[in-house]
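# Overview (structure and organization)
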Amino acid sequence: PQVYAGRMPVARLERLALHAVAARIDQYASLDLPIHLADALLEVVLKRRPLDLAVIRLLVAQQCSVSRLELPAECSNKWMTYLVGLQWLEHLTFAKSAITNTALKSLPALKETMKELYFNACTRITDEGIRALTPLFRLSTLELINLPDLRANALDISLPQLARLSVLRCSQLSAIRGNFPALREVDVSFSNLDAAGLCELGRHCPRIETLHAEGLRLAVWAPELGLSFRNLQELSLNHNPVKGLAGLAHALRLRALRARFTKIGDDAVSVLPRLPLASVDLSNTPLTALAVPALAAIPMLTELSLACTNIDDSALPHLAVPRLQRLDIQFCTVSAEGARRLAADLPDTTVLFSIDSDA
């Protein structure tokens, strides 16, 4: 039940108080607030003025317990002198910032609280700066995007609680050999890892369940890759020239496969009925109707996308599978009449299809 002060709900009183404090924030010597109110106050302040060094100084001076900051491009090494004074910080985002390795070397001062770090297009950060993060033993998420100077040994570090790692568009990074025993989710899309680098990652981190490996120029998901990632539940291979999927025979927990804009052909899908897949996306591939019987035989499949493939009406009888909840056959060579008939046969399935202008 709502608690009222007079006739006003407490939540509304809090909002009014936060706006009043934000309007006069420069006048307070300290602000002893619980974390959720400190975060809410910062959100109100940032609607009135941009986040700059003056605001950071105020937050530190008032011992404000903010837990999350998204720092602007103006952030520089000088800011770190004050940021490390925010002893409740758990999440920090640096975007297009001029910070250098020197700034990252001060982050271990927040090792008791820091859980998530995000770096996007901070082009002056190199291997040295990333290795300085080793003392952050509570870090659970690390995201590195568009860091062009990260090399093969940048992630030769130990982060015992790291569960999610993203290394996107780091064009020089060719290996990940760190000690990450809790790692479950990895995104290495459009980096410089090859099949050997992926195998090495899987051997070092055998508990990975979600892998995004898009745009890596992989030609095949080979058996050695399958053996390195036995615990996969979700795999994304979009934008790879992949033709073969034989290594998936070892992925006996795989629930979702995304392989859009690949070269997967009819023979490659024969391995899929052995897996507990619930979702498969093979749109924009050269598949034909010959592949559909194998896909329809996947025992737990509920979502299937074959948009922009070469399937035709001969595939439709095989797709009349009641367990499907969503089926996408847009922009194929399927006739409008055939698609409508399939949709009528599957009243509980969302069937997406295209209608030719002359239909």
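What counts and what doesn't
Residues numbered from 1 in each chain as written. Predicted model: local features only at pLDDT ≥ 70, side-chain atom pairs only at ≥ 80, totals over all residues. Heavy atoms only, no water. Helix = DSSP H or I, 4+ residues; strand = E, 2+ residues; numbered from the N terminus. Buried < 20%, exposed > 50% of the residue type's maximum accessible area, 1.4 Å probe, protein only. Areas by Shrake-Rupley, 256 points an atom, 1.4 Å probe, with all protein chains shown as cover. Lys, Arg positive; Asp, Glu negative; His and termini not counted. Charge placed at Lys NZ, Arg CZ, Asp CG, Glu CD. Contact = heavy atoms within 4.5 Å. pLDDT = per-residue confidence, 0-100. Core = buried A, V, L, I, M, F, W, Y, C linked by side-chain atoms within 4.5 Å. 1 Å grid on protein atoms, 1.4 Å probe; cavity = no way out; pocket = protein on both sides within 12 Å on 5 of 7 lines; lining within 4 Å. Points joined across faces, edges and corners; volume = space filled by probe spheres on them. Nonpolar A, V, L, I, M, F, W, Y, C, P; charged D, E, K, R; others polar. Polar contact = N/O pair within 3.5 Å; in protein donor to acceptor, adjacent residues only side chain to side chain. Salt bridge = Lys/Arg side-chain N within 4 Å of Asp/Glu carboxyl O.

### Things to note about the overall build of the protein chain
Scanning the protein chain from terminus to terminus reveals 11 helices and 15 strands. For the protein chain, the C-alpha atoms occupy an extent of roughly 75 × 55 × 35 Å along the three principal directions. Going through the 359 residues of the protein chain one by one, you find that 48% of them count as buried. When the accessible surface of the protein chain is totalled, it reaches about 16500 Å², and 52% of it is carbon and sulfur. If you average the places of the 37 positive and of the 36 negative side-chain charges in the protein chain, the two averages end up 6 Å apart.

### Overview of helix 3 (residues 53-61)
Along helix 3, the residues that are buried comprise Leu53, Val55, Ile56, Leu58 and Leu59. Residues of helix 3 that are buried make contact with helix 2 (35-48), strand 3 (68-71) and helix 4 (77-83). Just beyond helix 3, the residue with positive phi is Gln63, at close to 50°.

### Describing the confidence of the model for the protein chain
In the predicted model, the protein chain carries a mean pLDDT of 89, and the fraction of residues at 70 or more is 94%. Of the regions scoring below 50 in pLDDT, residues 1-5 engages in six contacts with residues more than four places distant in sequence or in other chains.

### Digging into the nonpolar core
Core analysis: the biggest nonpolar cluster contains 115 residues, and Leu117, Phe119, Leu142, Leu198, Trp221, Leu248 and Leu272 have the highest contact counts within it. Among the elements that line this core, the one with the most residues is helix 2, at six residues.

### Examining the layout of surface pockets
Of the volumes computed, that of the largest pocket is approximately 150 Å³. Around the largest pocket, the lining residues are Asp39, Leu42, Glu43, Leu46, Leu51, Arg68, Leu69 and Glu70. Those elements that provide at least two residues to the lining of the largest pocket are helix 2 and strand 3. For the lining of the largest pocket, the leading source of residues is helix 2, giving four residues. When its residues are assigned to classes, the lining of the largest pocket shows four nonpolar, no polar and four charged.

### Considering the side chain of Asn240
Looking at the secondary structure, you find Asn240 in the loop between strand 10 (234-236) and strand 11 (256-258). The exposure class of Asn240 is buried, given its relative accessible area of 2%. Here the side chain of Asn240 touches Leu216 through a polar contact of 2.8 Å, landing on its backbone nitrogen.

### Side note on the environment of Glu143
Locating Glu143 in the fold gives a position in strand 6 (residues 141-145). The buried category is assigned to Glu143, whose relative accessible area is 18%. Spatially, the C-alpha atom of Glu143 lies 30 Å from that of Leu304, the residues being 161 residues apart in sequence. Residue contacts for Glu143: discarding those within four places in its chain leaves Leu117, Tyr118, Phe119, Arg164 and Ser166. Within the structure, the side chain of Glu143 is placed 3.3 Å from the side chain of Arg164, a separation counted as a polar contact.

### What to know about the pattern of salt bridges
Per the stated rule, a full pass over the model turns up nine salt bridges. Here Glu143 and Arg164 are joined by a salt bridge, their closest N and O atoms 3.3 Å apart. A residue pair is termed long-range when its members are at least 10 positions apart, and Glu143 in strand 6 and Arg164 in strand 7 (residues 164-168) qualify at 21 residues. Taking the shortest distance from any N to any O, the salt bridge between Glu185 and Arg164 comes out at 3.8 Å. Of the two residues, Glu185 sits in strand 8 (residues 185-187) while Arg164 sits in strand 7, which places them 21 residues apart along the sequence. The exposure class assigned to Glu185 is partly exposed, which follows from its relative accessible area of 29%.

### Remarks on the side chain of Ser97
With respect to the secondary-structure elements, Ser97 resides in the loop between strand 4 (91-95) and helix 5 (101-104). On the accessibility criterion, Ser97 (4% relative accessible area) is buried. From its side chain, Ser97 meets the backbone nitrogen of Ile99 in a polar contact 3.2 Å long.

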